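Results of the structural survey
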Amino acid sequence: MSEVSPGPGVAEGIPFVISGPSGTGKTSILRRIVERDPQVNVSVSHTTRPPRPGERDRSDYCFVSEAEFRELIEKRRFLEWAEYQGHLYGTSREAVAEPVRMGIDVLLEVEVQGARQLRERLPDGVFVFVLPPSMEVLERRLRGRGSDEDGAIRSRLSRAHGELREVHIYNYVLINDDLERTVVLLEHIISACRCDRDRVLPLCRDRFDFG
Ligand code: ADP
Ligand code: 5GP
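Now for a description of the structure that goes with this document. Position numbers for residues start from 1 in each chain and track the written sequence from start to end. Chains and ligands are labelled sequentially in the order written, the chains with letters from A and the ligands with numbers from 1. Only residues with pLDDT of 70 or above have their local features reported here, since the model is predicted, and side-chain atom pairs are shown and tallied only from 80 upward, although totals for entire chains, interfaces and linings are computed over all residues. To obtain the side-chain values, all non-hydrogen atoms of the structure were included, while hydrogens and water were left out.

**Quick word on the overall build of the chain**
- In DSSP terms, a helix is any run of H or I states spanning at least four residues, a strand is any run of E spanning at least two, and both are numbered starting from the N terminus. Looking only at helices and strands, the chain features 8 helices and 9 strands.
- For the chain, the C-alpha radius of gyration of 18 Å lies close to 17 Å, the compact-globule estimate for 211 residues.
- Taken over the C-alpha atoms alone, the chain extends approximately 60 × 40 × 30 Å along its principal axes.
- A sequence separation of at least 24 residues applies to 68% of the contacts in the chain between residues at least 6 apart.
- Computed with a 1.4 Å probe, the accessible areas rest on the Shrake-Rupley method; for each residue, only the protein chains presented here act as cover. Total accessible area on the chain stands at roughly 11,500 Å², and carbon and sulfur atoms take up 49% of it.
- When the 31 basic and 35 acidic side-chain charges of the chain are each reduced to a single mean position, those positions are 1 Å apart. As a reference, a globule follows 2.2 Å times the number of residues to the power 0.38, and the radius of gyration itself is taken over C-alpha atoms. Contacts are assigned to residue pairs that have any heavy atoms within 4.5 Å of one another. For this count, His and the chain ends are skipped, Lys and Arg are scored as positive, and Asp and Glu as negative. Charge placement uses NZ in Lys and CZ in Arg. For Asp and Glu, CG and CD serve respectively.

**Structural notes on helix H6 (residues 150–164)**
- Between its first and last C-alpha, H6 extends 21 Å over 15 residues, near the 21 Å set by a 1.5 Å rise per residue.
- Throughout this description, buried means an accessible area under 20% of the type-specific maximum (1.4 Å probe, protein chains only), exposed means over 50%, and partly exposed covers the range between. Buried within H6 we find Ile-153, Arg-156, Leu-157, Ala-160 and Glu-163. Take H6 and look down its axis: the buried residues cluster within an arc of 115 degrees, on one side only. Away from the buried face of H6 by more than 90 degrees, exposed residues Arg-154 and Ser-158 are located.
- The inward-facing, buried residues of H6 contact strand S5 (78–84), strand S6 (87–92), helix H4 (112–121), strand S8 (126–131) and helix H5 (135–145). Each helix should span, by expectation, one fewer than its residue count multiplied by 1.5 Å. Taking the helix axis as origin, the arc is that swept by the directions to the C-beta atoms.

**Quick look at the pairing of S6**
- Within S6, 5 of the 6 residues are buried, leaving the element largely enclosed by the surrounding structure.
- Pairing of strand S3 (residues 46–47) with S6 involves 2 bridges; the strand directions are antiparallel. Bridge pairing in S6 links Thr-47 to Tyr-89.
- Pairing between strands is defined by DSSP: at least two bridges between them are needed. Note that S5 and S6 share 6 bridges and pair antiparallel. In the sheet register, Trp-81 faces S6, and the bridge partner there is Gly-90.
- The turn linking S5 back onto S6 is made up of 2 residues, and Gln-85 within it adopts a positive phi angle of 55 degrees.

The following block contains the structure:
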């Protein structure tokens, strides 16, 4: 987010873009990360999909009508948006710009078309793809979640094959076998990115002579 500038001596937050087929465990992973790290936010997306049981407006998603979503597109409020399974999903510019400016890292859970757009728009973004241990396990998880009907599960599985072909645009790949292990791996990725040379050196140039 080079157009936003943090205060002197404060690094911008890092946007982490997380993708992977539906049911791989992205939401479960991100929930645990934010519970454990106060320096990380999850970006709340807009969607026209109806809420699932237990989902809360403005917490899981901003649930809007298609007309409202199209109006936000017109007003250029989205950093990216895409259609997925007949519904629209989008990340608002403010959901990313504001925390990044404050030095908070932001996790964006987006499907692959959105991630492609973000590759162009977030030059400092770090892209992470989550794989299931196998396609059989993926199907079991989708059925076990109990939130989609058989038709929707089949269509999510068939879409997963196309999504796997997009893995090459990502920097990191996590195989979510054991949830806790995967969460720790993502925490390591986040920590490593925070120590990136190009990010740290400008913050301490006034104290050291790096030549
Ligand atoms: P996504 O957000 O990628 O669609 P979810 O986080 O909703 O996926 O996870 C799909 C289902 O799989 C949920 O029921 C979740 O509890 C379960 N799950 C997630 N990660 C694991 C894991 N490592 N092992 C077993 N079950 C998992
Ligand atoms: P679900 O309906 O299971 O919550 O999400 C369906 C897909 O939409 C998932 O792959 C999820 O990552 C993706 N998604 C959620 N929010 C956004 C968003 O803001 N933009 C895009 N492009 N995809 C999103």
